Each structure stands twice: as structure tokens, then as C-alpha cells.
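# Summary of the model geometry
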Amino acid sequence: MESMIHQFAFFSQVPGWISWGSVILVFLIFAYRGAPLWLWAAAGLAALAGFQAPLWLFIGFVVLALIFNLKAIRRAILSGPLMKLLDALKILPAISETEQTAIDAGTVWVEGELFSGKPNLKRLNEETYPELTEKEQAFLDGPVEELCSMVTDWEVFQRKDFPKKAWAYMKEKRFFGLIIPEKYGGYNFSANAHSQIVAKLASRCGPLATTVMVPNSLGPAELLMHYGTQAQKDYYLPRLAKGEEIPCFALTEPNAGSDAGSMMSYGVVFRDDDGELCLRLNWDKRYITLAAISTVIGLAFKLSDPDNLLGKGENPGITAALIPSATKGVELGKRHDPLGVPFYNCPTRGKNVVVPIDAIIGGKEGAGIGWRMLMESLAVGRGISLPAQSIGGARTATRAAGAYAAIRKQFGLNIGKFEGIEEPLARIGGYTYLMDAARGYICGALDQGEKPAVVTAIAKYNFTELGREIINDAMDITGGAGISRGPRNIFAHSYIAMPIAITVEGANILTRTLIIFGQGAIRSHPYALKEIQALMEKDVKKFDNHFWKHIGHVVQNEIRAGMLSFTRGRLARSPVSGPAAKYYRKLAWASASFAFMADIALGSYGGALKMKEKLAGRYADILSWMFLATATLRRFEAEGRRTEDLDYFTWAMDHSFYRIQTAFDEIYSEITVPGLTWLFRGPVAMWSRLNRIGKKPSDITGHKVAQAMQQRGDQRDRITRGIYIPASRDEALGKFEYALELIEQSFPVYKKLYKATKSREIPKDHVLKQLEPALVKGIITEEEAGMVKKTEDARFDAILVDEFTLIEYNSGIASAPHSEGLKNPEMDSVIF
């Protein structure tokens, strides 16, 4: 900073336009770097002295400098009256008790850096990127692999349940105790392992993943571990780990979905005939996973204590308790039918159910803090379960759709060579690389003790939305094979089930428009929450401290955004060299622009910003894609900048910044800024479109990704790591793997036949009909002809769809489709 002052003083002695240029330069440097207020005052005095300003101007500047730099004077003259004005005008949003609890839940992680406008890129690149322990990998390779082999997705959907041996195996191998500490009989696995286990199960059977995932997510075990009494832990956790207790957690009601705080289920504290404190509960819950087969219900309800027996007032608030399912008055045994997906999703009701006060999780002390328990647990679980399911489906789609594109032929070519197929293939592969990066990045943070509520909301929303795009693309690529249900169909059930993932754990519309930016703008912003709290507490000192820092923050980000935009991010310093460097600089540019525009929205709309959900959704898109880009950068660096992954990495990064640019364009088109709307919708919007931060991935990059997905080898195995690949060639994915292997092995023979066709040595025809003339002319050997025949048999078998007799179809049970053993009609004319 001293060198800045000396530089300014030197240039201020130089007359004419050079002095003005120097003043502007120093102003930009100070603003870009965020110089403190006293340094601005000193520089201003030096400038006025150098320009020999009039005395009145000099005195006026000194007075202003004193007002802004002396806090006691500033509070009395400016901050106090301003605070009263803001409070009267309701410029900043008021926060309800439930909103405050949700905001306080969890921690601020790297999203705080992105919100700052000046992210510490070095920190972002050094966050933990986890690996599995030997014990965790052994569980994946052993029990998880074995469990996958016990079920098939088709049979589960047909019979609407798992085989008894699969249920028994889940209990025997403690699949419901993944997160429970070892001293209670669980595994105490990391978030990374938990995620990988769910992902692998999802690659085999969606309902299987859901059944294992729910007890290990937001439910009794998670709540007991963090909030339960020692007696509750000692009793329930060993039983939950061994599967002796099947848990569910009942939160959603007919009138309380996304607005869970409006629940009507209630409990009343009273003394029984023996003088013991008890609860009398009544509830009506729906959409509760595992409820119909549960033995213990985690129940959220509003607690009232009319006689203040707990000493927490007459209405302590939302509370969580554990209710044995066999308790008198509990109603179970029914189930919903969520799009025909056969996991247990059920209603449960209770009428005058009486349990001891110790049923409250955490005992008496847990009364009234259920909402905080739920929000803190959701801040973690939302980043594991549904993202893991989504990445399991994405990896499977990458492997299967890539193989299908190489196997399936039309117009004499593998369909994967057509650009129309390459485009969705590239999306599948690029999204999978990006999602897996974010999965690892988030799990690394969770394993370090972070509970980043905004980031896990980003994960839940974006993983499920991208998962929806992936499954739609996979269905488009496979065409008729995608829509014909049966054991051979890999994608249909995932396609059917996708809206469920979109809906649960915070419906995606709500998550995007209210949570990601709505909570993020308050929770992750460096000053907003502190200012709101100061207003609510009427604390002038605290308000003064944060408000003026906030003003400096806005000015700094305005200048940073402008300078980074004009230089296309080149002023930012990347923490790495190589292919990732330019993207880190773009990230700094995007962050500065986002932070400045976020403050413009907060200042323009104030408390009304809550209702500007369409605008908030666009801000959420920018924050989401900045985070996804950050995670992708971290993965690329953590994995050693693999050259073979460069195309996947480039596609993912280019797409991320394209989505950021799209959201900025939409914000500039719609934002209303008092007195300045014309500026943002006109010149600023035009400049943004001319000087785009990102554009769509190039066709060349997409081509390379699509082709890589169709080639066997280490890269394809890494991109799709962790999925269940059946060894049997009787299963759909096994058929794909076998056919792809033969296609690769026989490629040199096909090349010979292609050249002979081009030179007109053999007639143009189906490859099987070319074998005999090719043999006669010595173009290929008998062994090579046999290899082609074997390959075409495998290719034909892989593209078949299932067929059922009318009796089988009408009965709803079809375990042996009649497509097995069908013969390739082209073989009838082949003679050897």
C-alpha cells in the first residue's frame, strides 16, 4: 500500500492529462484491490494538494474524510439515521424464526468465496478431494457387488419387492448402518464411501439404492447420532445397524410439503395417572419411505405444553420423536404408487398415540428444536443421497449409451458416427465428468466436518436436473430399444422414476427459486446477514461496522467486474498453469460480476426480492454453475491433469461458462434498478453479449467426447467407475460389453472388407453377405470370417428388445422374454 501512495504522490506533481490518467489508474488499483478507507482519504488529500485545489474543496474533503473515518462521528451523523430509515422502509428482508433456523443450519464453505467477488482461487484448488479407504473399497467390491448380483431391476419392478435373500443380506451385512459408528455395530463410513455405495446400487436398481439410502440419510440414525441421549443411542443404534429395526422418518403432510414448517401434526405434553410425563400425538403424514414396513417412526410434529411442564413455554415448537410402530393408535400398512416405482413410499397416521416424554430425540432438552435438527441434517444428507443416485445413473448412461452407439448400425454406419447422435452423447459424457467432480468435491468437504447447506442444495437441484437431461438423451439415442420395457432395457425405469428425484428433499422449483440464491444471498454474502441482524437488534455499532464495509465491497466488485470483463479475466491470477488456468481466471471474472449484480438486486428489491423468484432462479443458476465449474477444476488438477480426460474437462468447463453467460443475459434483460434500468438492460446487456464469458462447447470437442465414450479402455472404465457391470452375457449391459469387445477385436477385418468394397473387389452388401466373396478372393481368412460372424451375432443380440406372450403381458409377470435366442435374419443367407 505504501508503494501505491508514493506512486500517486509522484504522478500528482506532473501537470496536464498525465496527472488525470495517473489519478484514474490509482483509483482503479485501489478499488480492484480493496484499499481501506483511510488510504482512500490519504490519496485524496495528496491528489488535492498536487492539483492545488481551492481551500474550500480541500476543507470539504477533510470534513468528509473525518466523518467517514471516525466511527463515533459516522455512527451519529450517518449510520444511526440511515439504520432507522432502512428499518422504516423495510429495504432489507425480515427473517422469520423458521427462516433464521434454516439460515443458521450448517456452515458456509466455498460458496462464500464465490459470493465474495474476490474468491481465493488457491483455496478452491486445495480443498480436499477424497479417496476411498481400503476398508471402504473392500465393502464396495464385496458386499455391494454381491447385493447387486442378487437383484435385477426388471424383476424388482415386476414383483414390486426384493427377493427375501436380498433383504436378509442387507441386514446381515449391515447396509442400514453405513453411517453408524463402529462401537454401535455400524461402519462409520465416510460421506465419500456412502455416496459411492448408493451410486453403485443405483446403477443396478433404483429402488435398491433408495431402500439403502434412506435409513442412512435424514432419519432416526442420523438424528440420534447428533442429538440423541446416550440411552437412546445405546438402545437404537445397534438395532438400526443390524437391521433389527427398520426406520422411517415422517415429515411431509397433505398441507405441509415444501412449507414443512406449516405442519399440523401435533403433540401435547401431559402427566399420566402415575404422574409420568408423556406425549399424546396425532398426525397425518404421506410420502414416507419405508413406513409400511418400519418398526420405528421418526416423527416431526408441533409440540404444545399447556401447563409448561417442560419449562419451555406453552408452545416449544417443532419437535422430533421416535415412535415404535407397534404403539397403539399408529396406522401403517398402506403404500403409495409413485409412478409404479416399487420402493416403499407410504402414508402413516396416528390418533391419540401416547409415548413417554423420553421418546423425544434428545429427551426433554430436545423439545422444540426439531426444526434445527432437521435443517442441520438436511444440510448434509441433501449432498449425498440424491446426487449419488444421479451419478450412478449418469455413469451407467455413459457406459451403456456409448456402447449402444458403437453397436447399433443404420445406413451402413455405427450410429455413434452421426453428428446428431454425437451431440447427446457428448452431453451425457460431459455432464457425467462434471457431476462426478462435484460429488467428490462435496463429499470431501462433508468428511472434513463442513455442512454447507447452500452447496448441498445446489447439488440436489443440479444433479437431478442434469440426471433428467442425461436419461432423456439416453432414451433418444436408444430409440425403440429405450421405450420397449423388459430385462434388456437399461434406461426405461430410470426415465420413469426421474420425476421422483426431482420432487423429494425439496422440490427443484423451490430449491432453485428460493433456497440456492434466496438463502445464499443472506447466508453466504459477507455482510447481508450481519446487517439484517444488526437492524433486527437495533445495534447501531454493529450496523455501522458492516454497512460501510458492504458499500466498499460493492464498489470493489463493480471495478473488479469491469476490469476483469475488459481484460477477459487476464488480470486474475490463476493458482495453476496448464489447461485449467484460463478457466480459473474466468471464474474470478464470473464471481466479481455475480457479486456485484447480487448486490444490485438486493439494493433494488430489498425485502421484495423474496418474491422475485424468476430473477432469483437466474442468480441461482450462476452460483450453481460457478460451483460446478470450481469442482470440475479441482478434479482435473487432483487427478493429475490427465491428457486423455482433457476433452471431457474442456466440454464441462465450456458448458459451465455458457450456462453462466445465459443466466447473466436473462438477468440483464429483466432486472429493474431504480433510475438505472436503462443502463443494465441497454449498454451493460449489450456489452455482456458482445464480450461473452462463455459459449457452447465446440462441435470438435463434443465429437471427441462422443467418440471416447464408444471406445473400450482405461479412460472409459474411469469415467464410469463404480457401477455394477454384470459378468453374465445374459444381461443387457453384459451383452453390450461383449458386443463392444468383439467389434473392437474384429475392426481390422471390417477395415479390410471396407477397402475391398471401395475398390469394388467385392459387392456392396450387408457385411455377412460379403464374407463368401471375400473368402474366395483371399481378402480375409476363415478365422477372420468367423470373427465377423461372431461379432454380428453379438451385435444383433445386443440390439434386440424383449417380447412377451399375451398371457405373460396381461399377467404382469414376465421373467423369460421370448427375445432370447432369436436369430439374425441375415445369417440365413450366409454359407461357409
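Residues numbered from 1 in each chain as written. Predicted model: local features only at pLDDT ≥ 70, side-chain atom pairs only at ≥ 80, totals over all residues. Heavy atoms only, no water.

## Regarding the overall build of the protein chain
Counting secondary structure elements, the protein chain contains 36 helices and 9 strands. A compact globule built from 832 residues should have a C-alpha radius of gyration of about 28 Å, and the protein chain, at 31 Å, falls within 12% of that. On the principal axes, the C-alpha backbone points of the protein chain span a range of 105 × 90 × 45 Å. Looking at the protein chain as a whole, 55% of its 832 residues qualify as buried. (Helix = DSSP H or I, 4+ residues; strand = E, 2+ residues; numbered from the N terminus. Rg over C-alpha atoms; globule rule 2.2 N^0.38 Å. Buried < 20%, exposed > 50% of the residue type's maximum accessible area, 1.4 Å probe, protein only.)

## Some remarks on a positive patch on the surface
Together, Lys71, Lys530, Lys541 and Lys549 give the surface a local cluster of positive charge. Along the chain, Lys541 falls in helix α25 (residues 540-566). (Patch = residues over 30% accessible without salt bridge, like charges linked within 9 Å, V, L, I, M, F, W, Y side chains within 5 Å. Areas by Shrake-Rupley, 256 points an atom, 1.4 Å probe, with all protein chains shown as cover. Salt bridge = Lys/Arg side-chain N within 4 Å of Asp/Glu carboxyl O. Lys, Arg positive; Asp, Glu negative; His and termini not counted. Charge placed at Lys NZ, Arg CZ, Asp CG, Glu CD.)

## Section: the environment of Val26
Relative to the elements of secondary structure, Val26 occurs in helix α2 (residues 17-33). The buried category is assigned to Val26, whose relative accessible area is 4%. Taking the C-alpha atoms as reference, Val26 lies 8.9 Å from Ala43; in sequence the two are 17 residues apart.

## Focus on the packing of aromatic side chains
Counted according to the given criterion, the structure contains 28 aromatic pairs. With 5.9 Å between their ring centres and 50° between their planes, Tyr404 and Phe736 make a pair best called tilted. With Tyr404 in helix α17 (residues 385-407) and Phe736 in helix α32 (residues 732-745), this pair connects stretches of sequence that are 332 residues apart. The pair Tyr404 / Phe736 is uniform in exposure class, with both members buried. Between Phe411 and Phe418 the ring centres are 6.2 Å apart and the planes differ by 70°, which places this aromatic pair in the edge-to-face class. The exposure class assigned to Phe418 is partly exposed, which follows from its relative accessible area of 29%. (Phe/Tyr/Trp six-rings, centres within 6.5 Å; stacked < 30°, edge-to-face > 60°.)

## Some details on the nonpolar core
Among the nonpolar cores identified, the biggest contains 185 residues, and Ile323, Phe517, Met597, Tyr619, Phe627 and Ile671 are the most heavily contacted of them. Filtering out sequence-adjacent residues up to four positions away, Phe517 remains in contact with Phe115, Phe594, Ala598, Leu609, Ala616, Tyr619 and Ala620. Formed by 29 residues, the second largest nonpolar core is a distinct cluster that contains Ala221, Leu223, Ala256 and Met375. (Core = buried A, V, L, I, M, F, W, Y, C linked by side-chain atoms within 4.5 Å. Contact = heavy atoms within 4.5 Å.)

## Structural notes on the confidence of the model for the protein chain
Regions with low pLDDT carry predicted coordinates that are not meant to be interpreted in detail. In the predicted model, the protein chain carries a mean pLDDT of 91, and 94% of its residues have values of at least 70. Throughout residues 1-18 the model reports pLDDT below 50, and contacts reaching past four residues in sequence, or to other chains, amount to 19 contacts. Contacts of residues 827-832 to residues separated by more than four positions or lying in other chains number 11 contacts, the stretch itself having pLDDT below 50. (pLDDT = per-residue confidence, 0-100.)

## Things to note about helix α34 (residues 767-776)
Those residues of α34 lying buried are Val767, Leu768, Gln770, Leu771, Ala774 and Leu775. The arc enclosing the buried residues of α34, seen along the axis, measures out at 140°, which places them on a common side. Buried residues in α34 make contact with α33 (747-758) and α35 (782-799). Downstream of α34 by a residue or two, Gly778 has a phi angle that is positive, lying close to 70°. (Arc of directions from axis to C-beta.)

## Here we look at the pattern of salt bridges
Counted under the stated rule, the structure contains 40 salt bridges. Of the charged contacts in the structure, one is a salt bridge between Arg239 and Glu244, with a shortest N-O distance of 3.8 Å. Given the relative accessible area of 27%, Arg239 is considered partly exposed. Given a relative accessible area of 45%, Glu244 falls into the partly exposed group. The residue Arg718 makes a salt bridge to Asp714 at a minimum N-O spacing of 3.2 Å. Here the residue Arg718 and the residue Asp714 both occupy positions in helix α31 (residues 714-719), the gap between them amounting to 4 residues, near one helical turn. Judged by relative accessible area, Asp714 falls into the partly exposed class, the value being 49%. Here the salt bridges do not stand alone but share partners, grouping Arg395, Asp436, Arg439, Arg635, Glu639 and Arg721 into one network.

## Focus: the environment of Val554
With respect to the helices, strands and loops of the structure, Val554 is situated in helix α25. Taking the C-alpha atoms as reference points, Val554 and Thr503, 51 residues apart in sequence, are found 36 Å from one another. Ignoring anything within four residues of it in the chain, the contact list for Val554 reads Phe596 and Asp599.

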